[in-house]
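As a plain string of letters, each chain reads:
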Amino acid sequence: MDTSPIIISMKTAIVAIVFTFILGLFAARWILYRKSDATRIFWDGIFTMPLVLPPTVAGFFLLVFFGSYGPVGKLFENYLGIKIAFSWAATILAAVVMSFPLMYRSARGALEQIDEDLIFAARTLGMSEWSIFFRVMIPNALPGIISGGVLAFARGLGEFGATAMIAGNIRGKTRTLPLAVYSAVASGKMDDAGQYVVILVGISFIVVV
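Calculation rules
Residues numbered from 1 in each chain as written. Predicted model: local features only at pLDDT ≥ 70, side-chain atom pairs only at ≥ 80, totals over all residues. Heavy atoms only, no water. Core = buried A, V, L, I, M, F, W, Y, C linked by side-chain atoms within 4.5 Å. Buried < 20%, exposed > 50% of the residue type's maximum accessible area, 1.4 Å probe, protein only. Helix = DSSP H or I, 4+ residues; strand = E, 2+ residues; numbered from the N terminus. Contact = heavy atoms within 4.5 Å. Patch = residues over 30% accessible without salt bridge, like charges linked within 9 Å, V, L, I, M, F, W, Y side chains within 5 Å. Areas by Shrake-Rupley, 256 points an atom, 1.4 Å probe, with all protein chains shown as cover. Salt bridge = Lys/Arg side-chain N within 4 Å of Asp/Glu carboxyl O. Expected span 1.5 Å × (residues − 1). Bend = angle between axes of the 7 residues up to and from the residue. pLDDT = per-residue confidence, 0-100.

Caption draft 1: Fine view of the nonpolar core. Membership of the largest hydrophobic core comes to 33 residues, with the highest contact counts inside it found for Tyr104, Leu111, Met137 and Ile145. Counting only elements with at least two residues in this core, the list comes to helix H1 (4–32), helix H5 (88–112), helix H6 (116–124), helix H7 (129–157), helix H9 (177–186) and helix H10 (190–208). Of all the elements, H7 adds the most residues to this core, at 10 residues. With residues near it in sequence (within four places) discarded, Met137 still touches Leu32, Tyr33, Leu111, Ile114, Ile119 and Ile132. Ala58, Leu62, Ala85 and Ala90 belong to the second-largest nonpolar core, a separate cluster that totals 11 residues.

Pasting the structure below:
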């Protein structure tokens, strides 16, 4: 059994959760401070969209924007010499985009459950909004925030469709565990596919527990 998909998947999931955790948490805070209901509804829809879109559709949009001929992809290649599409970075990008809604929704729900009296009390004591966020809101919402991070990690580890579109299925480079399962089945190597499945199920079970 080729162990590279295991290594690639774990590296991708670990790096992706760092970005997802930070982006999801601060996006949740940003939404909470929007005064306009229309603005909150619009951006909430944008942030949640990857959760309901077919992964291949999300991957298509990523390919359009981050591919070699896309606006962002072309910018990175021309000015930084970095090719995003069909690279390991693309697996991280796909994992972040597809797992972001889980982190965002969990963090927002947890922050919304905080007793507003605590926030008002902190303001009367002269604490800044950022200080309130880090010293009052996050500690009180920590269980929900952590659960969102765990679910986002599991989602990033199991990402398939968007990864296949933007990163491809390159052995030893972008082939993650889900792609390895697909490739093994497609080539008739059911034993290898079974081993990959056992590993994925085991990791997923540990994460859920």
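Caption draft 2: Examining a nonpolar patch on the surface more closely. Nonpolar side chains collect at one region of the surface, where Val18, Phe19, Ile22, Leu23, Phe26, Trp130 and Phe134 lie side by side and expose about 680 Å² of accessible area between them. The set of elements that each furnish at least two residues to the nonpolar patch consists of H1 and H7. The element contributing the most residues to the nonpolar patch is H1, with five residues. Inspection of the secondary structure puts Phe19 in helix H1. Residue class for Phe19 comes out partly exposed when judged on its relative accessible area of 46%.

Caption draft 3: Inspection of H7 at higher detail. Helix length check: H7, at 29 residues, gives a terminal C-alpha distance of 34 Å against a target of 42 Å (1.5 Å per residue), a shortfall beyond 12%. Residue Leu142 marks the point of greatest curvature in H7, where the axis turns by about 70 degrees; the proline Pro143 follows within four residues.

Caption draft 4: Structural detail: the environment of Val18. One can find Val18 in helix H1. In sequence terms Val18 and Lys189 are 171 residues apart; their C-alpha atoms lie 34 Å from each other.

Caption draft 5: Quick peek at the confidence of the model for the protein. Mean pLDDT over the protein stands at 92; residues scoring 70 or higher make up 100%. Of all secondary-structure elements in the protein, the lowest mean pLDDT belongs to helix H4 (residues 71–80), at 86, while H5 reaches the highest, 95.

Caption draft 6: The arrangement of the pattern of salt bridges in detail. Enumeration over the complete set of coordinates arrives at seven salt bridges. Among the ionic pairs, Arg108 bridges to Asp44, the shortest N-O distance being 2.6 Å. With Arg108 in helix H5 and Asp44 in helix H2 (residues 37–52), this pair connects stretches of sequence that are 64 residues apart. Across the pair, exposure class does not vary: Arg108 and Asp44 are buried alike. Across the salt bridge formed by Glu129 and Arg123, the nearest N and O atoms sit 2.9 Å from each other. On the basis of relative accessibility, which here comes to 36%, the residue Arg123 falls in the partly exposed class.

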